[in-house]
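Results of the structural survey
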Amino acid sequence: MSSHDSLAVFAALAAELQQEPDEVLTSRAIVTRMRELVPEADEVSLTIRTARGHTTLASSGSLAEEADSFQYELGEGPCVEISDSGGWLRSGDVGTDARYPRWGPKAAELGVGSLLAVAVADADVPLGSLNVYSSHAGAFADRDVVDLALVYAVHATTALSSARRTTTLQTAISSRHVIGMAQGIAMERYGIDQHQSFELLRRLSSTTNVKLRDVAAQIVETRAIPQNRTDEQADD
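This structure is a prediction, so every number in the text was calculated from the model and none was measured.

Rules of the game
- Residues numbered from 1 in each chain as written.
- Predicted model: local features only at pLDDT ≥ 70, side-chain atom pairs only at ≥ 80, totals over all residues.
- Heavy atoms only, no water.
- Phe/Tyr/Trp six-rings, centres within 6.5 Å; stacked < 30°, edge-to-face > 60°.
- Buried < 20%, exposed > 50% of the residue type's maximum accessible area, 1.4 Å probe, protein only.
- Pairing = 2+ DSSP bridges.
- Helix = DSSP H or I, 4+ residues; strand = E, 2+ residues; numbered from the N terminus.
- Axes fitted to C-alpha atoms, helices over the stretch in contact; angles between N-to-C directions.
- Contact = heavy atoms within 4.5 Å.
- Parallel < 35°, antiparallel > 145°, perpendicular 65-115°, else oblique.
- Left-handed = near helix turned anticlockwise from the far one by under 90°.
- Nonpolar A, V, L, I, M, F, W, Y, C, P; charged D, E, K, R; others polar.
- Arc of directions from axis to C-beta.
- pLDDT = per-residue confidence, 0-100.

This part covers the packing of aromatic side chains. With the rule as written, the count across this model stands at 1 aromatic pair. The interplanar angle of 85° and the centroid separation of 6.0 Å between the aromatic rings of Tyr-100 and Trp-103 together place this pair among those described as edge-to-face. Note on accessibility: Tyr-100 and Trp-103 belong to one class, buried.

See below:
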C-alpha cells in the first residue's frame, strides 16, 4: 500500500470511527476494522484497564476473548503488559515464548500461534491495548505490519476517547434527570423544598449504601420512597 493510499484509508477509518455514538459501538468498530486492515489477523480484541484490573471491551471472536481472559487471570501476557506499560509487543510463537511460561501454552491450546499487541494510550497514558491474534506461528514479523497497527491504534485511541466522553456526558445527563424526578416525588409527598428533597435522597443513599442515582431510579420506578429514616429526614 502506497503512502497516499494509506493516508486515504486512515482518513476514511478515522471518519467512520468518529461517527459511532458510544463506547460500545466504537469498540466493536475498532476491532472489526483492525481485523480487516492488518494482514494475518484472524481475531482482534480490545483490552481496557479498569480500577479492578483488565477487561475485554470488544472482540471479534471467542478465541480472542478466551485468550485475553487467561492473561487477566494469570496476570501474564502481551496485552496485560502493553496495557500497563504502553508501546507494542509481538510474540511469534506463543506456545514456546519464554516470557509467558504460564499463559503461552494455554493460548497455544486454544489455537493461538502469534500475537501482536499495540497500546491504546491517551496523552501517553496507557488505556489498554489492541490485540491481534493469528492461528499461525511467525505472523506479524513484517515491520510495516507493526507500523500499520501502531498508526491505526492512534486513530482508535482518538475515537475511543471521544466516545467515552460522550458516554460519560450522556450518563451524567440521564442521572441528573432521574434524580430531579425523584426529588419532585419527594417534594410532593412531604411538602419539602428542592434542597431538602436532595438531602433526603443523599441520606437514603448513605444509610442504604446504594448509589444516589440508583436510589432515585428506584423511587421513580416504584413511585414510593424507602422508609429507612424517611420520616425523620423529611422533617429536617
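Taken in spatial order, the 5 strands line up as β2-β1-β5-β4-β3 in an open sheet, and their pairing is antiparallel. Looking along the sheet, the strands with just one partner apiece sit at the ends: β2 (53–59) and β3 (88–91). Neighbour-to-neighbour, the strand axes of the sheet open up by a mean angle of 20°, direction not taken into account. Taken together, the 6 bridges between strand β1 (residues 43–50) and strand β5 (residues 125–134) define a ladder with antiparallel strand orientation. Each bridged residue has a counterpart across the sheet, and for Glu-43 the counterpart in β5 is Tyr-133. Sitting on the sheet, helix α2 (residues 23–37) is in contact with β1, β2, β4 (114–122) and β5, with an inclination near 140° to β1. Along the sheet, helix α3 (residues 62–74) contacts β1, β2, β4 and β5; its crossing angle with β1, the most-contacted strand, is approximately 35°.

Looking now at the environment of Ala-159. Assignment of secondary structure puts Ala-159 in helix α6 (residues 143–190). Taking the C-alpha atoms as reference points, Ala-159 and Ala-29, separated by 130 residues in sequence, lie 9.9 Å from one another.

On to the packing of α3 against helix α5 (residues 103–110). Two numbers describe how α3 lies on α5: the axes approach to 10 Å, and their chain directions differ by 165°. In terms of orientation, α3 and α5 fall into the roughly antiparallel class. Two packed elements cross with a definite hand, and for α3 against α5 that hand is right-handed. Note on element contacts: α5 touches α3 through Trp-103, Lys-106 and Leu-110, opposite Leu-63, Glu-66, Ala-67, Phe-70, Gln-71 and Leu-74. Classifying every residue of the contact of α3 with α5 by side-chain character gives 6 nonpolar, 1 polar and 2 charged.

Looking now at the environment of Leu-127. Here Leu-127 is to be found in strand β5. A residue is classified by how much of its surface remains accessible, and Leu-127, at 16% relative accessible area, is buried. C-alpha separation for the pair Leu-127 and Ser-83, spaced 44 residues apart in sequence, amounts to 6.4 Å.

Our next topic: helix α8 (residues 212–222). Buried residues of α8: Val-215, Ala-216 and Ile-219, and no others. Projection of α8 onto a plane perpendicular to its axis shows the buried side chains occupying an angular sector of 95°, all on one side. With its phi angle positive at about 60°, Arg-223 sits one or two positions after the end of α8.

The next point concerns the confidence of the model for the chain. Scored by pLDDT, the chain has a mean of 82; 81% of the residues are at 70 or more. Here helix α9 (residues 230–234) stands out as the least confident element of the chain, with mean pLDDT 44; α5 is the most confident, with 97. Long-range and interchain partners of residues 1–7, a stretch whose pLDDT sits below 50, account for 2 contacts in this model, where long-range means more than four residues apart. Confidence over residues 229–236 falls short of pLDDT 50; this stretch has 15 contacts with residues more than four positions distant or in other chains.

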